[in-house]
Amino acid sequence: MPSITTELAGILSKVRRPGDFYTTGSNELFAPSLTVDGVGSIALPLLPIQAEQLITVAEQAPYGRGAETLVDTQVRRTWQIDAAQIHIEGRNWPRTLESIVAQAAEGLGVTQPVVAELYKLLVYDVGSFFIDHRDTEKAPGMFATLIIVLPSLYTGGELRVHHRDRDIQLDLRNPEPSEVAFAAFYADCVHEVLPITSGCRLTLVYNLLLRPGKDRLPEPPHYEAEQAAVVKLLQQWAADKASPDDDSPEKLVYPLHHAYTSAGIAFDALKGEDAAAASVLIGAAEQADCDLHLALVSIEESGHAEYIGDYYGSHHRGRYEEDEEDEEFEAGEIFEQSATLTEWRRPNGGLSDLGVLPFEKDELCPSDAFDNLTPDEQHFHEAAGNEGVSFERTYRRAGLVLWPRARRLAVLNQAGLSATLPYLGGLVQRWIESGKSPKSPLWQEAHELTGYMLHTWPRRRGGYYWQTDIQEGMEAKMLVLLTQLRDTARIDTFLAELSATGQYSLNDNAALIQAIRLLPPLRAAEQIEGIIAGNVGTALGACGNLLARCAALVRDTSCEVDFLPAARALINALPGDPARTPQRESWHRSPPMEPSFVVDLLSALTQLDAGLADDAVDYILAWPQTYGLDAVLVPASLILSDQVAAIRDGAAVRRLRAVSLAHLRARIAEALEPPRDWTRASTLACQCPHCTELSRFLADPGREKWAFKAAQAERSHVEDSIRRNGCDLDRVTEQKGRPYTLICTKNQASYERRVRQRSKDLEDLARLERAPT
């Protein structure tokens, strides 16, 4: 069964083009009075002597490359004279020009009034040419270029025009001096002028512009049958989207044939077959209750490139081909790709604030629409450092984008949280200002949007997002908005499907506490237990803080939630016993134990259940390698001594404080005096000959310095041994002779560390002894 993307593309392919991408013809000419400043009156057909005179007042014609305007006779060899220097008079010339413009408009399928604006007079002498290029939009409303070849005697100079898979070559020579030949083509067509082989060609170049107004360009014929088929197709698509089993795309992107810039993209500026397709879709989308937009389509790719040689070949190139310096490379495997829609326009000419939306290949009509597309820009980067040769390329087109109106929020959701969270925030604020009615359309819209957001919420693994890059704190922001909406159904889903499955961090706790207050007590207890059980292995500190906040909620409010199951889940997962340590991915290392976790744990348990608090202290004291006295327990005791009496005076907290005091007093009682000689701690882990010699030096009471002359690898090994064993040595490398010498001088670092520790111990002891008991 064909997909909707294939069917829609098939129907629109039957829409006949109003006109073509080019047109050509001839018109009777009543010789006008042509005068050029600095030369005077010009005779027609052009005389060779006057051709030379024209060149003397002309300038070398430039060409555009991106935002630059360059002169390069390898790209364009033509002479130009500005319109301000050209004067065309004669009673019949306005009528002649009007006739030519009318024929050009008709051939291009344009039914609106068109203005021809003189741009340049071009002089092509022998050897003149212009390689393939596209014209830039030189004036607002410009959609095409008109070339009028005045009576001239020349050979060569054929005009080639290329659009998509079609190429045409026009010979605009006219042997009849009473006629002029002309050609017009849309401004985005690639075209070139072949070299003049003899004589000289004189050409007037006009910009074709729409008259001011809001008329569409061009006006396609009526396609009732095709439009009816599209309506039926879209209506069935919209109906299918209501099914939970539907797998059709959320939106459809129909790429346009012509090229458009961000400044010139508009429904009333569409050309040829693009305008025809748009006219069908505008009517069909309205009947099928679908939204239709015009947007710029961009695909950016980067990846590995390969060297292919052929750097020295050269030939004429168009501005839309790769630069010659890129000939030695070709694009290889694609590593990164982004496909986005921007610059949204409505059929009525209005702008849309949809921002940047991604699109998938299966949303294109047809899905292979961009296969074998030529990039608009492509750049290669030679290897640098450890990076190989790489490439970057960009494709830019325009497209018609539509979706069922009822699925607007699902489409918006494709933009990700960076777009949906601000949009949801605006909805919530407007709902609050409107009176907070749960029956409000604003509430219903917010409820629908959050459903899509929760379904596609990016998952993270081990605390890191792996589906997409989003900012930390998105979960907390979502919870705050759901709480403001008082949407308990979405809150319950968020906590169960996201918070309890790893999409959780310390930043969420404040929002979590406010959210669970809206849930029934039993469900709130289940959710907190699930969040702690599901995250304790990777976010122990956050779980401890959450439990402490829950205990404070019970203490400070009339909250009736039983948080003891959550407390037991946390105690059962305490680190310490290797046999009880949760299994983790090999790349994930557990963070070191923090004093704040012990503070939160005992603060919570002291308020919830004194027996559980005692059990926790028993466990903590049983595993000193995890809960170190100096790194964890003493700092935790100091913080707990400043808590409210209900926490500070708890039996478990007092036990921990007593253990900390005993530890500090025992270390303070140890003798503290500087070394009496040069003997230093000499036990080293390594027993190699060099480290053995180092150990003897450290144990020698009479030696202050040791000179170790050795190769760099051996010196580095000895220095590493000194660092790892914390030896009391200063080191410097003496760079005299070969090999260099490592000079080691004994110091009093260990003694100085003990002095600093003694000062801190005395300060901590005083603080703990001052704590109320």
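Residues numbered from 1 in each chain as written. Predicted model: local features only at pLDDT ≥ 70, side-chain atom pairs only at ≥ 80, totals over all residues. Heavy atoms only, no water.

**What to know about the overall build of the protein**
Logical step 1: Of regular secondary structure, the protein possesses 22 helices and 30 strands.
Logical step 2: Taking 773 residues into account, the globule formula puts the C-alpha radius of gyration at 28 Å, and the protein, at 40 Å, lies well above it.
Logical step 3: Along the first, second and third principal axes, the C-alpha atoms of the protein reach 120 × 85 × 45 Å.
Logical step 4: Intrachain contacts of the protein at a sequence separation of at least 6 include 75% that bridge at least 24 residues.
Logical step 5: Split by element, the accessible area of the protein, about 37800 Å² in all, is 50% carbon and sulfur.
Logical step 6: Across the protein, the centroid of the 77 positively charged side chains sits 9 Å from that of the 110 negatively charged ones. (Helix = DSSP H or I, 4+ residues; strand = E, 2+ residues; numbered from the N terminus. Rg over C-alpha atoms; globule rule 2.2 N^0.38 Å. Contact = heavy atoms within 4.5 Å. Areas by Shrake-Rupley, 256 points an atom, 1.4 Å probe, with all protein chains shown as cover. Lys, Arg positive; Asp, Glu negative; His and termini not counted. Charge placed at Lys NZ, Arg CZ, Asp CG, Glu CD.)

**What about the sheet that holds strand β12 (residues 142–149)?**
Logical step 1: The strand order β1-β16-β12-β19-β10-β8-β4 describes an open sheet built from seven strands, whose pairing is antiparallel. Strands with a single pairing partner mark the edges of an open sheet, and in this sheet they are β1 (22–28) and β4 (59–60).
Logical step 2: As judged from the six bridges shared by β12 and strand β16 (residues 179–186), these two strands associate in the antiparallel manner. When the sheet's bridge partners are listed, Ile148 is paired in β16 with Phe182.
Logical step 3: Here helix α2 (residues 48–57) sits on the sheet and contacts β4, β8 (79–82), β10 (114–124) and β19 (201–210); the angle it forms with β8, its principal contact strand, is near 70 degrees. (Pairing = 2+ DSSP bridges. Axes fitted to C-alpha atoms, helices over the stretch in contact; angles between N-to-C directions.)

**Here's the deal with the packing of aromatic side chains**
For any pair of aromatic rings, geometry is given as the distance between the ring centres together with the angle between the planes.
Logical step 1: Overall, the coordinates contain seven aromatic pairs when judged by the stated rule.
Logical step 2: An aromatic cluster is present here, built from Phe697, Trp706 and Phe708 joined pairwise through their rings.
Logical step 3: The positively charged end of Lys120 is found above the aromatic ring belonging to Tyr119, 5.1 Å away from the centroid. (Phe/Tyr/Trp six-rings, centres within 6.5 Å; stacked < 30°, edge-to-face > 60°. Lys NZ or Arg CZ within 6 Å of the ring centre and 35° of its normal.)

**What to know about the sheet that holds strand β9 (residues 86–89)**
Logical step 1: Read across the open sheet, the three strands follow the order β3-β2-β9; overall the sheet is antiparallel. What marks the edges here is a single partner per strand, and that holds for β3 (40–42) and β9. Here the strands of the sheet are splayed against their neighbours by 30 degrees on average, with no regard to which way each runs.
Logical step 2: Pairing between strand β2 (residues 33–36) and β9: four bridges, direction antiparallel. Each bridged residue has a counterpart across the sheet, and for Thr35 the counterpart in β9 is His87.

**Quick word on the packing of helix α7 (residues 417–434) against helix α8 (residues 441–455)**
Logical step 1: At their nearest, the axes of α7 and α8 sit 9 Å apart, and the two run at 155 degrees to each other. What the angle tells us is that α7 and α8 run roughly antiparallel. Of the two elements, α7 crosses α8, and the hand of that crossing is left-handed. On α8, the residues that touch Leu417, Thr420, Leu421, Tyr423, Leu424, Leu427, Arg430, Trp431 and Ser434 of α7 are Leu442, Trp443, Glu445, Ala446, Leu449, Thr450 and Met453.
Logical step 2: Split into classes, the residues belonging to the contact of α7 with α8 amount to eleven nonpolar, three polar and two charged. (Parallel < 35°, antiparallel > 145°, perpendicular 65-115°, else oblique. Left-handed = near helix turned anticlockwise from the far one by under 90°. Nonpolar A, V, L, I, M, F, W, Y, C, P; charged D, E, K, R; others polar.)

**Some points on α2**
Logical step 1: Among all positions of α2, only Gln50, Ala51 and Leu54 are buried. When α2 is viewed along its axis, its buried side chains cluster within an angular range of 105 degrees and face the same direction. Seen from the open side of α2, the exposed residues pointing more than 90 degrees away from its buried face are Pro48, Glu52 and Thr56. (Buried < 20%, exposed > 50% of the residue type's maximum accessible area, 1.4 Å probe, protein only. Arc of directions from axis to C-beta.)

**Re helix α5 (residues 272–287)**
Logical step 1: With 16 residues, α5 should cover 22 Å at 1.5 Å per step; its first-to-last C-alpha distance of 24 Å lies within 8% of that length.
Logical step 2: Among the 16 residues of α5, twelve are classified as buried, and the element is accordingly described as predominantly covered.
Logical step 3: Those residues of α5 lying buried are Gly272, Glu273, Asp274, Ala275, Ala276, Ala277, Ala278, Val280, Leu281, Gly283, Ala284 and Ala285.
Logical step 4: Directly beyond the C-terminal end of α5, a positive phi value near 60 degrees is found at Asp289. (Expected span 1.5 Å × (residues − 1).)

**A word on the pairing of strand β29 (residues 729–734)**
Logical step 1: Both β29 and strand β30 (residues 741–746) contribute to a ladder of six bridges, which runs antiparallel. Within β30, the residue paired with Arg731 across the bridge is Cys744.
Logical step 2: Following β29, the chain reverses through six residues before pairing antiparallel with β30; Gly737 in that reversal takes a positive phi of roughly 70 degrees.

**Quick word on the packing of α8 against helix α10 (residues 488–497)**
Logical step 1: The geometry of α8 relative to α10 is characterised by a closest axis approach of 10 Å and an angle of 10 degrees between their N-to-C directions. As the angle between them shows, α8 and α10 are arranged roughly parallel. Along the contact surface, α8 presents His447, Glu448, Thr450, Gly451 and Leu454, while α10 presents Arg490, Thr493 and Phe494.
Logical step 2: Broken down by class, the residue content of the contact of α8 with α10 amounts to two nonpolar, four polar and two charged.

**Things to note about the environment of Arg703**
Logical step 1: Here Arg703 lies in the loop between α20 (689–699) and β28 (705–709).
Logical step 2: Among the residues examined, Arg703 registers a relative accessible area of 33% and is labelled partly exposed.
Logical step 3: Once the C-alpha coordinates of Arg703 and Trp678 are considered, the two residues, 25 residues apart in sequence, prove to be 6.2 Å apart.
Logical step 4: With residues up to four places along the chain from it excluded, the contact list for Arg703 reads Trp678, Phe697 and Lys746.

**Remarks on the confidence of the model for the protein**
Logical step 1: Per-chain confidence: the protein averages 88 in pLDDT, with 91% of residues scoring 70 or above.
Logical step 2: Across residues 583–587 the pLDDT falls below 50, and counting only partners more than four positions away or on other chains, this stretch makes six contacts in the model. (pLDDT = per-residue confidence, 0-100.)

**Thoughts on the pattern of salt bridges**
Opposite charge on two side chains permits them to pair, given that their charged atoms come into close proximity.
Logical step 1: In the structure shown here, the tally under the stated rule is 34 salt bridges.
Logical step 2: Arg407 serves as the salt-bridge partner of Glu250, at 2.4 Å between the closest nitrogen and oxygen. In this pair, Glu250 is assigned in the loop between α4 (224–241) and β20 (252–255) and Arg407 in the loop between β25 (390–404) and α6 (408–413), connecting sequence segments 157 residues apart.
Logical step 3: Its relative accessible area of 16% is what places Arg407 among the buried residues.
Logical step 4: The closest approach of N and O atoms between Asp614 and Arg655, which form a salt bridge, is 3.8 Å. Note that Asp614 is positioned in helix α16 (residues 610–622) and Arg655 in helix α19 (residues 651–668), a separation of 41 residues in sequence.
Logical step 5: Owing to a relative accessible area of 31%, Arg655 belongs among the partly exposed residues under this scheme. (Salt bridge = Lys/Arg side-chain N within 4 Å of Asp/Glu carboxyl O.)

**Details of unusual backbone geometry**
Logical step 1: Cis geometry is adopted by the peptide bond preceding Pro45, which originates at Leu44 and carries an omega value of -5 degrees.
Logical step 2: In this chain, Cys365 is followed by Pro366 through a cis amide linkage whose omega measures -5 degrees.
Logical step 3: One can find Pro366 in the loop between β23 (357–358) and β24 (377–381).
Logical step 4: A positive phi angle, close to 60 degrees, is found at Asn372, a residue other than glycine.
Logical step 5: By the secondary structure assignment, Asn372 is in the loop between β23 and β24.

**Overview of the side chain of Thr23**
Logical step 1: Looking at the secondary structure, you find Thr23 in strand β1.
Logical step 2: For Thr23, the residues in contact, after removing those within four places along its chain, are Gln103, Ala104, Gly107, Leu108, Phe182, Ala183 and Ala184.

**Remarks on the environment of Glu560**
Logical step 1: Checked against the element boundaries, Glu560 lands in the loop between α13 (540–556) and α14 (564–572).
Logical step 2: Along the sequence, Glu560 and Leu522 sit 38 residues apart, while their C-alpha atoms lie 9.0 Å from each other.

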